[in-house]
Amino acid sequence: MAEDYDKPSDGYIDVGEPETRNCEIKLRVNPVRRREKVFVGCGAGFGGDRPLAALKLLQKVDDLNYLVLECLAERTLADRYQAVLSGGEGFDPRISEWMQLLLPLAVEKGVCIITNMGATNALAAQEKVLEIASRLGIKITVGVAHQFDIAKAGLCSNLRNLSDGISMYLGAAPIVECLEKYNPDVVITSRVADAALFLAPMVYELGWNWDDFPLLAQGSLAGHLLECGCQLTGGYFMHPGDKYRNISCANLLDLSLPFAEVNYDGNMCVAKADGSGGVLNFSTCAQQLLYEVGDPGAYITPDVVIDFQDVSFHSLSTDKVVCTGAKPAATSVPDNLLALASKEAGWKGWGEISYGGYKCVERAKAAEYLVKSWMEEVCPGTSARIMSYIIGLDSLKATSLENYTLVTNDIRLRMDGLFEQEQHAIEFTKEFTALYTNGPAGGGGISTGHKKEILLEKGLVGREHIYWKISAKENQPTKSNNHQTNTLPTETKSNNPKEFLSPENHVSLSPAPSNEKVHLYDIAHSRAGDKGNDVNFSLIPYFPPDIKRLKTVITPDWVKRVVSPLLNQSSFPEEVDDTETRDKWVDEHVSVEIYEVRGISSLNVVVRNILDGGVNCSRRIDRHGKTISDLILCQEVVLPM
């Protein structure tokens, strides 16, 4: 990618010798305890996070030792594969923006930055960071810890033909070795398990070893809580109308990214900047604990399999929460690591058009019928590949099944198709655009598009077949190190202390009513996330003893009944789809697992094969399934006595 400035002429010098090793567990020899406690912050929780928020954390938390930028998910990894196929970079293109802003202060304060923005080309990302540092006049060492090779003999059958685009979920070991060998200012990685990015500096600084499973479990708990950034400190939590989550906008504007304070003995707390907005309490920690973990009794990371069932949280203040109870599961460490392999999934074509006023839903229905019929004329057999829904009516299915109606006067029809051939996707956009002169009256605001989709195939690979490599380079900037540290703009803060929720404002003192209909959002709160084609949502009651009654209502059959409309191909299944066929497919292919989590008196629910193929190829407007939490909460239930 062309830059708007010339690359500096400063040379980059290799630091020490590179090292290559496989992923078999090798105990550290006489590990040194460098600190009694280490402070590890999260500067980014996903690829679209806010660099300025990371700068604020750097400025406000003087004790910070490490800042982790976790910017690589299944979707962004697929985007990097697509970029490479198109001749682009294999690393996150925003790394320049992040480093330009953060490097001056991080180097000044001695804070090491660890990031997985290297994605599929960590070495090129290393060059980019050294280039930026040289332009800033900063002398730094940049280490790289990345996947190096996978022996084909270790690949399962579904991965063998995809070996050119496989990314492994590495653990913390290569980062620890990189820190120990090169003492870098920045560490850039390929795909590393999220929690492992945070665990690595704990292992390195606190003298832990790879068989200290209770310590690794507590450290990985800290990493899991931190990995999604502000989701721990009030982001993705505010919900008007819910007295336990009704955070003001001014409060949200002053969100702090989280950090963890971890002792050598595994005692640990999570925190936010003193006096910052948002909220950090039992509820925010409980939501993040269960986020995308699957079985909470056996949460698998490359370094340790963790049992979260007895984890509990205790608020020390509005800015700090003690976290206890993580322990190694019966099988303490996995023999195999997870692989993601890029695979072509077809061509997506989509279109949107708005209708309003009298009978607008009927006009959208007619438009849907016409586009599908036109597609059958020009590309026979393709209409079955098209999913449609009405934004403003049912695109998210977030409506109680008992109160579902088709009344609205402002809607937008969206149609998504996943086709085998690019020409079919292009033809779809043409036929959709033809609604302007050939469709129902009053349609406007048409937008269309098409793109190639990549699916990430999953498989397990034995540790002995996976190799990682570490190396480091330093720059020799020609300019003196007189760079200007970035400063923050004037902050907007709330002047009303009542807007800041107390840490105890998360529980009800009375049980939910019995033997009458009540919405789940009056009883509990929830957060949903995805793993491939599966969705994971929590149910955390405000009155903890209500968990006993909730368990009698939230059954696998109940969950299937509520989520099955997500698989409708149309907003009008009674005419376009065969609901009985859909329900039969759900019974045969969709499975539901429900886990009770004792320490926080909550349920964790996993629904498999419900996301139309998952985030990388789903035709749903909410590819991740994140809105499913409110689909669940808006349901009415009757709790027994």
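Now for a look at the structure at hand. (Residues numbered from 1 in each chain as written. Predicted model: local features only at pLDDT ≥ 70, side-chain atom pairs only at ≥ 80, totals over all residues. Heavy atoms only, no water.)

Side note on the environment of valine 311
Looking at the element boundaries, valine 311 is found in the loop between β12 (305-307) and β13 (312-317). Sequence separation between valine 311 and glutamine 218 is 93 residues; the distance between their C-alpha atoms is 9.6 Å. (Helix = DSSP H or I, 4+ residues; strand = E, 2+ residues; numbered from the N terminus.)

Things to note about the pairing of strand β16 (residues 336-356)
Remark: a regular strand shows side chains that alternate across the two faces of the sheet. Two elements, strand β7 (residues 166-168) and β16, share three bridges in a ladder whose sense is antiparallel. Bridge pairing links serine 167 to leucine 340 in β16. Where β16 and strand β19 (residues 444-462) come together, 17 bridges link them in antiparallel fashion. Looking at β19, one finds that lysine 343 is bridged to leucine 455. (Pairing = 2+ DSSP bridges.)

Considerations on the packing of aromatic side chains
Centre distance and the angle of the planes are the two values used to describe a pair of aromatic rings. Tallied over the full model, the rule gives six aromatic pairs. Taking 6.1 Å as the distance between ring centres and 45° as the angle between the ring planes, the aromatic pair formed by phenylalanine 428 and phenylalanine 432 counts as tilted. With phenylalanine 428 and phenylalanine 432 both in helix α12 (residues 422-433) and four residues apart, the pair spans about one turn of that helix. Ring pairing ties together the aromatic residues Phe419, Phe428 and Phe432, which thus form one cluster. Above the ring of tyrosine 264, the side-chain terminus of arginine 33 is found at 3.7 Å from the ring centroid. We note arginine 245 situated over the ring of phenylalanine 237; from NZ or CZ to the ring centre the distance is 5.8 Å. (Phe/Tyr/Trp six-rings, centres within 6.5 Å; stacked < 30°, edge-to-face > 60°. Lys NZ or Arg CZ within 6 Å of the ring centre and 35° of its normal.)

Describing helix α11 (residues 360-378)
Helix length check: α11, at 19 residues, gives a terminal C-alpha distance of 27 Å against a target of 27 Å (1.5 Å per residue), a fit within 8%. Within α11, the full set of buried residues consists of Cys360, Val361, Arg363, Ala364, Ala367, Glu368, Val371, Lys372, Trp374 and Met375. Packed against the buried residues of α11 are β16, β17 (386-391), β18 (410-419), α12 and α13 (435-438). (Expected span 1.5 Å × (residues − 1). Buried < 20%, exposed > 50% of the residue type's maximum accessible area, 1.4 Å probe, protein only. Contact = heavy atoms within 4.5 Å.)

Here's the deal with the pairing of strand β20 (residues 466-475)
Within β20, seven of the ten residues are buried, leaving the element largely enclosed by the surrounding structure. In this sheet, β20 lies alongside strand β1 (residues 12-14) in antiparallel orientation, the contact comprising three bridges. The partner of aspartate 14 across the bridge, within β20, is lysine 473. Examined bridge by bridge, strand β6 (residues 141-150) and β20 share nine bridges and lie antiparallel to one another. Looking across to β20, one finds that glutamine 147 is bridged to tryptophan 468.

What about the environment of lysine 451?
With respect to the secondary-structure elements, lysine 451 resides in strand β19. Residue classification places lysine 451 among the partly exposed positions, given a relative accessible area of 24%. Along the backbone, lysine 451 and glycine 349 are 102 residues apart, and their C-alpha atoms lie at a distance of 6.8 Å. When neighbours within four sequence positions are excluded, lysine 451 is seen to be in contact with Arg75, Gln82, Gly346, Trp347, Lys348 and Trp350.

Topic: the side chain of glutamine 126
Mapped onto the secondary structure, glutamine 126 falls in helix α4 (residues 122-136). By relative accessible area, glutamine 126 is classed as buried at 2%.

Notes on the sheet that holds strand β15 (residues 327-328)
With antiparallel pairing, the three strands of this open sheet are ordered in space as β11-β12-β15. Only two strands of the sheet have a single neighbouring strand rather than two, namely β11 (299-300) and β15. When β12 meets β15, the two strands line up antiparallel, connected through two bridges. In the strand pairing of β15, isoleucine 306 is matched with proline 328.

Some details on empty space enclosed by the protein
With the rule as written, the count across this model stands at three cavities of 30 Å³ or more. Contributing to the lining of the largest cavity are 19 residues, with Cys23, Glu24, Ile25, Ala173 and Arg463 lying nearest its centre. Among the secondary structure elements, those contributing two or more residues to the lining of the largest cavity are β2 (19-22) and α6 (173-182). The dominant element in the lining of the largest cavity, judged by the number of residues it contributes, is α6, at three residues. (1 Å grid on protein atoms, 1.4 Å probe; cavity = no way out; pocket = protein on both sides within 12 Å on 5 of 7 lines; lining within 4 Å. Points joined across faces, edges and corners; volume = space filled by probe spheres on them.)

Observations regarding the side chain of serine 571
In this structure, serine 571 sits in the loop between α15 (556-563) and α16 (579-589). For serine 571, the side chain forms a polar contact with the main-chain nitrogen of isoleucine 390, separated by 3.3 Å. Engagement of the side chain of serine 571 in a polar contact is seen with the side chain of aspartate 394, the distance being 2.9 Å. (Polar contact = N/O pair within 3.5 Å; in protein donor to acceptor, adjacent residues only side chain to side chain.)

Observations regarding helix α7 (residues 194-206)
The buried fraction of α7 amounts to 13 of the 13 residues, a majority that puts the element mostly inside the structure. The first or second residue beyond α7 is glycine 207, which carries a positive phi of 75°.

Topic: the nonpolar core
Formed by 87 residues in total, the largest nonpolar core has its most connected members in Met202, Val270 and Phe313. Filtering out sequence-adjacent residues up to four positions away, valine 270 remains in contact with Leu225, Leu226, Leu232, Phe259, Ala260, Leu280, Cys285, Asp319, Lys320, Val321 and Cys323. Counting residues in each nonpolar core, the second largest holds 43 residues, with Tyr12, Leu58, Ala125 and Ala133 among its members. (Core = buried A, V, L, I, M, F, W, Y, C linked by side-chain atoms within 4.5 Å.)

Here's the deal with the environment of leucine 162
In this structure, leucine 162 sits in the loop between α5 (157-160) and β7. Placed 84 residues apart in sequence, leucine 162 and alanine 78 show a C-alpha to C-alpha distance of 14 Å. Among residues more than four places away in sequence, those in contact with leucine 162 are Ala341, Ser342, Lys343 and Glu457.

A closer look at unusual backbone geometry
You will see that serine 601, though not glycine, has its phi angle at about 50°, which is positive. Tracing the backbone shows serine 601 in the loop between β25 (591-597) and β26 (602-608). Phi is positive for aspartate 612, close to 55°, though the residue is something other than glycine. Positionally, aspartate 612 belongs in the loop between β26 and α17 (628-633).

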